[in-house]
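Chain residues, written in single-letter form:
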Amino acid sequence: MTASYLVEILDWGLHLRLQGALPVEVRDNIARQVEIQCANLAARSTPWSSLVEFDHFEADGFRPEIVVALMKLARRCGHVRSAVVMTDWHWASVMAETMIAAGIDDQARIFVQAAGGPGEALTGEPQAGDLAGLDSAMAWVLYGGAVPMVSKAA
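Please read all numbers here as calculations on a predicted model, not as lab measurements. (Residues numbered from 1 in each chain as written. Predicted model: local features only at pLDDT ≥ 70, side-chain atom pairs only at ≥ 80, totals over all residues. Heavy atoms only, no water.)

Burial analysis of strand S3 (residues 48-58) places ten of its eleven residues in the buried class, the great majority of the element. Bridging between strand S2 (residues 13-21) and S3 involves eight bridges; their strand directions are parallel. For Leu 18, the partnering residue across the bridge sits in S3 and is Phe 54. Handedness of the crossover is the feature at issue here: the chain leaves S2, passes through helix H1 (residues 24-43), returns alongside S3, and the resulting connection is right-handed. Handedness of the crossover joining S3 and strand S4 (residues 79-86) through helix H2 (residues 64-76) is recorded here as right-handed. (Buried < 20%, exposed > 50% of the residue type's maximum accessible area, 1.4 Å probe, protein only. Helix = DSSP H or I, 4+ residues; strand = E, 2+ residues; numbered from the N terminus. Pairing = 2+ DSSP bridges. Right-handed = clockwise from strand over helix to strand, strands pointing away.)

Take the sheet that holds S2 next. Spatial ordering of the open sheet is given by S1-S2-S3-S4-S5, a layout of five strands whose pairing is mixed. Strands with a single pairing partner mark the edges of an open sheet, and in this sheet they are strand S1 (4-10) and strand S5 (108-112). Neighbour-to-neighbour, the strand axes of the sheet open up by a mean angle of 10°, direction not taken into account. Sheet topology note: the S3/S4 ladder contains seven bridges and is parallel. Across the sheet, Glu 53 pairs through a bridge with Val 85, a residue of S4. (Axes fitted to C-alpha atoms, helices over the stretch in contact; angles between N-to-C directions.)

Moving on, we come to unusual backbone geometry. The general pattern is negative phi for most residues beyond glycine and trans for most peptide bonds. Positive phi is not limited to glycine here, since Ser 45 has a value of about 60°. Here Ser 45 is to be found in the loop between H1 and S3. Classification of Ser 45 by relative accessible area gives exposed; the value is 64%. Of note in this structure, His 56 is not a glycine but carries a positive phi near 50°. Here His 56 shows up in strand S3. Classification of His 56 as buried rests on a relative accessible area of 16%.

Given below as C-alpha cells:
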C-alpha cells in the first residue's frame with residue numbers, strides 16, 4: 001500500500017485522510033495544513049464538522065501532543081463534531097485517549113472498520129478504500145445525534 005494523504009475543505013467542514021506509513025516530515029506538513037484550514041473555516045463564522053480517516057495508517061513516533069493541540073485549535077475555530085474512522089483497534093484506543101486529553105470526547109466519535117474489509121477479503125492485503133461503506137460515520141458528521149457505541153470488550 002502506498003502512503004498518501006488528503007486535506008480538503010468541503011461544504012460541511014474539513015475532510016482529512018491519512019493512508020499508509022507517512023514520515024514525520026509529511027505528518028508535520030499535514031498538521032500545518034490543518035492549522036491553516038481551521039483558520040479558513042473559522043473565517044466562515046459558522047459551525048463546522050470534520051471527517052478524519054486513518055486507512056491502514058502507520059504512525060511510528062506518534063506525538064499525541066500535536067493531535068491534542070490541533071483538536072483544541074479546531075474547537076476554538078468553530079468545530080462542533082468529528083467522526084474518526086480507523087482500521088485498527090489499537091490506534092482507536094490511542095486516539096480515544098488523545099481525544100480525552102484534548103477535552104473533545106464530547107464532540108467526537110470513533111468508528112473502526114472490521115478486519116477483512118472489502119479489498120482485504122479478496123487479496124489478504126489492506127487495500128486503498130477499505131473504509132468505504134461506513135455510512136454511520138458520515139451521518140454523524142452531517143447530523144450528529146446518537147450513534148450506537150460498541151466497546152472492544154464487547
